[in-house]
There are 4 protein chains.
Amino acid sequence: MTFASDNWAGAAPEILNAIARANGGPAPGYGGDALSRKVEAQFADVFETECRVFFVATGGAANGLALSVMTPPYGMILCHEESHVQMDECAGPEFFTGGAKLLPVSGFGGKLTVEGVTKALKGFPERPPHGAPARVLSLTQGTECGTRYSVDELSALCRAAHDAGLSVHLDGARFANAVAAGDAAPADLSWRAGVDVLCFGGTKNGCIAAEAVVFFDPDKAADFEFRRKRAGHLWSKMRFIAAQFEAYFEDDLWIRLAAHANAMAAKLSNGLAAIDGVEISYPTEINEVFAVFPHGVAEKLRADGAFFYPWVTPGDPAGGKMQRLICSFRTTDEEIETFLTDVRSAF
Amino acid sequence: MTFASDNWAGAAPEILNAIARANGGPAPGYGGDALSRKVEAQFADVFETECRVFFVATGGAANGLALSVMTPPYGMILCHEESHVQMDECAGPEFFTGGAKLLPVSGFGGKLTVEGVTKALKGFPERPPHGAPARVLSLTQGTECGTRYSVDELSALCRAAHDAGLSVHLDGARFANAVAAGDAAPADLSWRAGVDVLCFGGTKNGCIAAEAVVFFDPDKAADFEFRRKRAGHLWSKMRFIAAQFEAYFEDDLWIRLAAHANAMAAKLSNGLAAIDGVEISYPTEINEVFAVFPHGVAEKLRADGAFFYPWVTPGDPAGGKMQRLICSFRTTDEEIETFLTDVRSAF
Amino acid sequence: MTFASDNWAGAAPEILNAIARANGGPAPGYGGDALSRKVEAQFADVFETECRVFFVATGGAANGLALSVMTPPYGMILCHEESHVQMDECAGPEFFTGGAKLLPVSGFGGKLTVEGVTKALKGFPERPPHGAPARVLSLTQGTECGTRYSVDELSALCRAAHDAGLSVHLDGARFANAVAAGDAAPADLSWRAGVDVLCFGGTKNGCIAAEAVVFFDPDKAADFEFRRKRAGHLWSKMRFIAAQFEAYFEDDLWIRLAAHANAMAAKLSNGLAAIDGVEISYPTEINEVFAVFPHGVAEKLRADGAFFYPWVTPGDPAGGKMQRLICSFRTTDEEIETFLTDVRSAF
Amino acid sequence: MTFASDNWAGAAPEILNAIARANGGPAPGYGGDALSRKVEAQFADVFETECRVFFVATGGAANGLALSVMTPPYGMILCHEESHVQMDECAGPEFFTGGAKLLPVSGFGGKLTVEGVTKALKGFPERPPHGAPARVLSLTQGTECGTRYSVDELSALCRAAHDAGLSVHLDGARFANAVAAGDAAPADLSWRAGVDVLCFGGTKNGCIAAEAVVFFDPDKAADFEFRRKRAGHLWSKMRFIAAQFEAYFEDDLWIRLAAHANAMAAKLSNGLAAIDGVEISYPTEINEVFAVFPHGVAEKLRADGAFFYPWVTPGDPAGGKMQRLICSFRTTDEEIETFLTDVRSAF
């Protein structure tokens with residue numbers, strides 16, 4: 001019984017099948033194959049617009065490379081203080097960009113607000129060439145705290161960024177969960193809201209290793225292909241990433257997998273909320289649940305074999321006592337029910 | 001009448017004389033000259049300890065190069081959110097370190113506190129290799145806000161840093177002002193308090209371009225000389241930086257210049273505080289005064305020919321209305337008095 | 001009929017099966033899974049020594065990350081002027097190392113010689129801190145020109161490097177082909193000869209995306225895991241690289257696949273050599289054939305549907321007329337025979 | 001008696017006087033002063049064209065920063081294998097550019113030829129995104145070997161570079177010597193010949209620390225000011241670099257100092273050439289003499305107090321026996337004569 005991370009879940013069978021199917025015979029390397037072409041067209045369909053798409057294997061690579069074409073090496077990237085780019089990539093964005101500065105901004109539940117961004121920009125006025133000039137606003141959808149931006153929230157943030165001369169990067173490692181959680185189209189949650197570059201994740205949602213950097217303005221993709229290559233992120237057998245996305249989009253597999261994970265999280269969150277003494281820290285809007293258990297309970301559950309991590313962050317509202325529980329496409333009703341029973345008996 | 005910056009003041013005559021004196025005949029390049037040796041010994045005297053000293057021309061170079069040997073490229077540097085390394089070096093530390101992360105921490109008046117640092121570290125727990133591991137605490141003495149750490153405050157911060165496995169960098173662009181402002185010895189305000197590496201400034205206090213990176217543990221200087229060279233900061237005619245420090249230390253010139261600047265700032269601060277409607281934002285402990293004038297007054301003063309800058313920072317307590325006024329070794333009593341008169345008549 | 005590259009060949013069925021097998025249920029992420037442990041032990045078996053092994057997805061990542069822990073950012077790496085690190089990674093080693101210098105050295109057939117390396121070192125004497133200090137000798141086995149070093153050649157080069165204070169990096173993207181081509185053990189062609197760090201390739205030889213950086217002195221692995229993470233090369237679902245290597249080593253699959261590719265190349269090379277007017281440019285010692293065809297022949301073959309690339313390099317002995325033909329685990333006797341027939345009729 | 005380097009010579013008195021003169025009173029920092037403006041206009045006069053000029057303190061900084069705006073971080077810079085950027089800056093260009101690749105090209109006497117450059121480019125064909133794309137040709141005038149390009153040679157090289165899509169960087173640490181050695185105007189030896197960016201040196205020719213990066217196409221200066229700042233090369237008291245150039249250009253001081261150094265070198269070279277058993281290795285065209293002495297002679301001269309360095313380079317035509325002797329604005333006829341006498345008696 002694991003709620004450790006969506007990346008513990010392995011791959012969906014459809015993804016493996018697509019990989020096997022793609023292995024039919026020789027094909028050009030480095031993305032020059034027909035399947036890569038086809039999948040790029042699928043992206044245009046899904047997002048209802050022309051776009052340039054680049055495949056990589058990890059979310060850290062997608063974010064770092066995307067940011068590296070969005071800011072000069074001396075530029076500044078505003079991001080949530082609990083975002084993946086800030087907390088979980090071992091200074092990866094600084095590496096890929098050649099030393100850009102990340103300015104962490106706070107906000108409840110992993111979400112930035114227009115007020116927060118505006119205040120941060122005001123406190124770091126442009127005084128060329130002294131301060132690093134702000135160039136990018138990096139958002140995450142769904143967030144690291146299991147929440148999601150509404151279309152309106154996202155649009156307002158993008159507008160504020162553009163008005164200040166920043167472009168907008170969206171870390172979409174859990175973009176599928178954010179889409180599946182509402183009724184907005186992928187386009188509504190990205191370019192129509194003002195997102196310039198989307199890092200579209202597959203890995204956390206049933207792929208093996210598949211992420212796509214999507215440039216909604218193809219002209220902005222600039223030298224991405226050189227940067228991807230020199231960072232060792234251009235696969236020679238690229239068709240095997242393309243194949244994962246082929247299956248991912250087929251019959252809306254990506255939405256189905258994410259919707260299931262979201263539903264399991266909702267069930268878990270509701271079940272926990274109903275237990276006296278358990279507090280839900282953030283609204284459960286995608287596939288992540290953040291909860292505070294009474295003293296000793298989390299330890300007991302872990303001792304009994306459940307996997308989940310304590311969650312400590314800069315803006316931690318729970319004084320270091322929060323636990324993160326993640327559901328995946330593989331999580332079952334039974335697991336949730338068993339876990340809830342275990343929680344109750346751990347008191 | 002200028003209170004724009006201590007770097008508007010030019011050079012003290014003693015500094016220029018020393019440069020001329022150093023120009024006697026041929027001498028080995030790149031710091032291999034006798035004068036450089038002599039001045040390194042002066043540093044050991046002033047700081048009452050063996051140390052390794054490297055000369056560079058700017059404070060940004062000193063800070064960036066010092067930090068680059070104190071952290072791996074994926075490490076994290078905690079610093080004040082209003083510090084020079086964070087706000088004024090155009091992402092220089094990120095550049096010199098090869099992409100280390102700066103974590104800005106807040107604190108009143110440009111000063112970090114043990115509580116603030118501890119909270120920041122707790123919110124960014126080590127989870128190798130996911131988060132950038134914290135490796136350096138960067139402090140500033142005197143601060144960008146015109147304040148200074150007491151020996152006790154400094155010692156407590158260094159202890160907290162060391163306990164957490166961090167080494168301590170001290171940006172001492174205004175170290176002279178901090179020393180001159182109290183009765184603690186240079187050693188007390190640096191290595192005896194726990195500082196590992198000091199960037200010792202001369203430029204803001206009467207030199208032309210002279211900064212020294214002082215390693216109190218010579219073994220930690222490691223590959224500094226390679227890094228200085230490749231960054232273009234090894235002067236071929238290094239004796240001309242050494243000469244500036246030679247004069248700087250002679251008859252305590254550095255202390256005398258700084259004490260004068262401090263005294264002028266105190267006079268200015270007291271004078272302003274005595275004017276109804278002017279608020280002093282931070283304690284005036286070195287040569288910088290931060291004040292809020294009534295609406296329209298600063299603009300009128302500037303229109304009348306006074307130079308000083310508005311000061312907006314992330315932790316701005318004054319809602320964007322603060323003005324920064326800096327005194328230098330060249331500031332005169334008359335200037336202060338004239339300015340105070342002008343302020344009064346500008347209401 | 002393609003001789004374009006070994007990476008056009010897709011994956012061996014055993015590799016795909018192992019990936020499917022590894023997908024049994026949840027498993028810890030980021031290499032914390034049991035399969036990764038097992039495969040690390042397989043490496044120790046194959047190489048008859050303790051070692052530290054890190055998995056990544058591409059050869060460029062393996063080389064760049066390996067080099068980044070072997071040299072400081074201002075160090076110098078000697079490599080063949082036609083090596084992959086020099087010619088084919090878009091300045092990737094410079095990126096990963098934070099700006100180390102590559103010093104290209106010439107040598108016939110992609111191979112360095114002790115004389116060549118010694119001359120290069122002598123021409124770039126250490127004058128700290130002026131010249132970038134030489135820190136690494138990077139070799140390739142099998143080479144980009146289809147040749148391989150004998151154990152004696154390799155040992156002599158490693159000895160020369162170590163004597164000069166350099167450590168030795170071996171780009172083993174085609175290490176399997178080099179092993180399969182002779183009777184030396186993997187250990188003989190790596191650490192016993194003096195190699196410090198081996199980039200062991202799987203991708204060109206039937207894997208999807210599987211490379212391993214092998215540190216024969218585990219202490220030298222240092223901060224590799226931080227560097228891999230920040231470069232976006234730590235897979236969350238790492239078991240899917242481990243699985244590829246599991247199959248790769250099973251029943252000597254890696255040797256069998258490589259031996260087949262080598263045999264096909266030998267057949268192709270011999271067949272071409274027997275055709276009047278075709279010249280073989282380098283000895284065919286692994287799975288690559290370099291040949292010069294009479295004027296117009298290569299173009300005609302390509303027009304008829306054969307895939308292979310012209311090969312132009314700094315030391316090009318053929319004045320820009322060389323063609324590279326690569327065989328893979330998938331190449332068949334029939335393909336070779338058909339191609340040879342086509343060549344003969346293209347005259 | 002020193003022929004060690006032109007940077008042993010200290011500063012010309014005119015330079016020191018100008019620095020003192022510039023110290024009259026407060027002036028804006030960071031190059032916002034009137035003197036900096038005036039000197040920028042002097043550059044336009046000297047070069048007979050509008051240009052953008054940036055001051056820094058060292059040649060390594062000038063070269064590195066100039067190159068960093070001329071190539072993307074994955075680009076390639078062709079340079080002479082014995083050039084300063086390749087041999088003497090501790091991988092500085094790689095650092096400033098964020099990891100660009102330097103491709104060393106050989107050529108007699110420190111000079112590149114169109115043939116050499118063309119061959120190098122042909123051997124490293126563009127195969128995006130695999131090879132690092134060539135973006136800059138870096139030339140040195142006068143060269144590290146004491147030679148200089150004629151206007152025709154320079155023009156032909158620039159044309160070849162531009163035809164191949166490269167821009168041209170000129171390392172002019174000894175540009176004054178190159179100008180003084182002939183009758184071509186500064187413009188003829190730079191932009192009229194096709195040079196895009198010139199690093200104009202003052203330090204080796206009587207300044208303390210003064211170099212200027214001159215962009216002949218102001219639009220290409222792009223983000224230079226940000227890059228200079230973050231690298232710690234923007235002086236706060238910039239007027240003290242400007243002052244050096246003010247004096248440098250006054251009454252053609254720069255030409256007079258360089259012409260003297262050149263004349264001394266010519267005298268030294270001719271004197272040595274007249275001694276049986278001494279060989280001059282390269283034509284003495286500026287202020288550097290390269291010579292081979294009979295066995296034991298150089299050692300004896302050094303033991304007797306003469307300073308000069310052995311000179312070993314990748315293309316060394318003398319098997320490690322070459323000595324470099326440099327004359328400066330301070331070298332006297334007597335020194336030359338004494339030295340020549342010493343040489344004769346050292347046999």
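Residues numbered from 1 in each chain as written. Chains lettered and ligands numbered in written order. Predicted model: local features only at pLDDT ≥ 70, side-chain atom pairs only at ≥ 80, totals over all residues. Heavy atoms only, no water.

What about the relation of the copies chain A and chain C?
- When chain A is brought onto chain C, the operation consists of a screw motion whose angular component is 180 degrees and whose axial shift is 0.0 Å, with 0.0 Å RMSD remaining. Those values place the two copies in the arrangement expected of a two-fold rotation axis. When C-alpha positions in chain A are compared against the rotation axis, the closest is assigned to Ala-231 of chain A, at 3.7 Å.
- The overlap is high: 100% of the interface residues of chain A also sit at the interface in chain C, so the same surface is used on both sides. (Least-squares fit on C-alpha atoms with pLDDT ≥ 70 in both. Contact = heavy atoms within 4.5 Å.)

Structural notes on the interface of chain C and chain B
- Taken together, the contact between chain C and chain B spans 15 residues of the former and 15 residues of the latter.
- For the pairing of chain C and chain B, the buried interface totals around 1600 Å² over both sides, and the portion due to carbon and sulfur atoms is 69%.
- Among the residues of chain C in contact with chain B, Tyr-74, Pro-129 and Phe-226 of chain C are the three that bury the most area, contributing 42% of the side total.
- Applying the counting criterion to the chain C and chain B interface returns 8 residue pairs in polar contact (both at pLDDT 80 or more). (Buried area = accessible area lost by both parts, 1.4 Å probe. Polar contact = N/O pair within 3.5 Å; in protein donor to acceptor, adjacent residues only side chain to side chain.)

Re helix α7 (residues 151–163) of chain B
Residues and elements named next belong to chain B.
- The terminal C-alpha atoms of α7 lie 18 Å apart, and with 13 residues this matches the ideal 18 Å at 1.5 Å per residue to within 8%.
- Listing the buried residues of α7 in full gives Leu-154, Ser-155, Leu-157, Cys-158, Ala-160 and Ala-161.
- Along its buried surface, α7 packs onto α6 (114–122), β4 (134–140) and β5 (167–172).
- Gly-165, located one to two residues past α7, shows a positive phi value of around 85 degrees. (Helix = DSSP H or I, 4+ residues; strand = E, 2+ residues; numbered from the N terminus. Expected span 1.5 Å × (residues − 1). Buried < 20%, exposed > 50% of the residue type's maximum accessible area, 1.4 Å probe, protein only.)

Points about the domain arrangement of chain A
Residue and element names in this part refer to chain A.
- Domains assigned within chain A are domain 1 (12–251) and domain 2 (253–345).
- The gap between the C-alpha centroids of domain 1 and domain 2 is 27 Å.
- Roughly 2300 Å² is buried in total at the junction of domain 1 and domain 2, and carbon and sulfur atoms are behind 62% of that figure.
- Sorting the residues of domain 1 by area buried against domain 2 places Gly-146, Arg-174 and Asn-177 first, and these three jointly supply 19% of that buried surface.
- Linking domain 1 with domain 2 are 1 salt bridge.
- In this structure, Glu-288 engages Arg-174 in a salt bridge whose closest nitrogen and oxygen atoms are separated by 3.3 Å. (Domains from an automatic or database assignment. Salt bridge = Lys/Arg side-chain N within 4 Å of Asp/Glu carboxyl O.)

Re the sheet that holds strand β8 (residues 279–280) of chain D
Residue and element names in this part refer to chain D.
- One open sheet accounts for 4 strands, arranged β8-β9-β11-β10; its pairing is antiparallel. Two strands bound the open sheet, and with one partner strand each, they are β8 and β10 (309–310).
- In this sheet, strand β11 (residues 322–326) lies alongside β10 in antiparallel orientation, the contact comprising 2 bridges. In the sheet register, Tyr-309 faces β11, and the bridge partner there is Arg-324.
- Along the sheet, helix α11 (residues 253–273) makes contact with β8, β9 (288–292) and β11, crossing β9 at roughly 15 degrees. (Pairing = 2+ DSSP bridges. Axes fitted to C-alpha atoms, helices over the stretch in contact; angles between N-to-C directions.)

What to know about the pairing of strand β3 (residues 101–105) of chain D
Residues and elements named next belong to chain D.
- Most of β3 sits out of view: 4 of its 5 residues are buried.
- As paired strands, strand β2 (residues 76–80) and β3 are joined by 5 bridges and run parallel to one another. Pairing of His-80 across the sheet is with Val-105, part of β3.

A few points about the interface of chain A and chain C
- The interface of chain A with chain C comprises 47 residues on the first partner and 47 residues on the second.
- Roughly 3700 Å² of surface becomes buried between chain A and chain C when both sides are summed, with 61% attributable to carbon and sulfur atoms.
- Linking chain A to chain C there are 23 residue pairs in polar contact (both at pLDDT 80 or more).
- Of all elements in the fold, only α1 (13–21), α3 (59–70), α5 (92–97), α9 (224–230) and α10 (239–249) of chain A reach the threshold of two or more residues within the side of chain A that touches chain C.

Some words on the relation of the copies chain C and chain B
- With an RMSD of 0.0 Å, chain C superimposes on chain B once it is rotated by 180 degrees and translated 0.0 Å along the axis.
- Comparing contact sets, 100% of the residues at the interface of chain C also lie at the interface in chain B, consistent with an isologous, same-surface contact.

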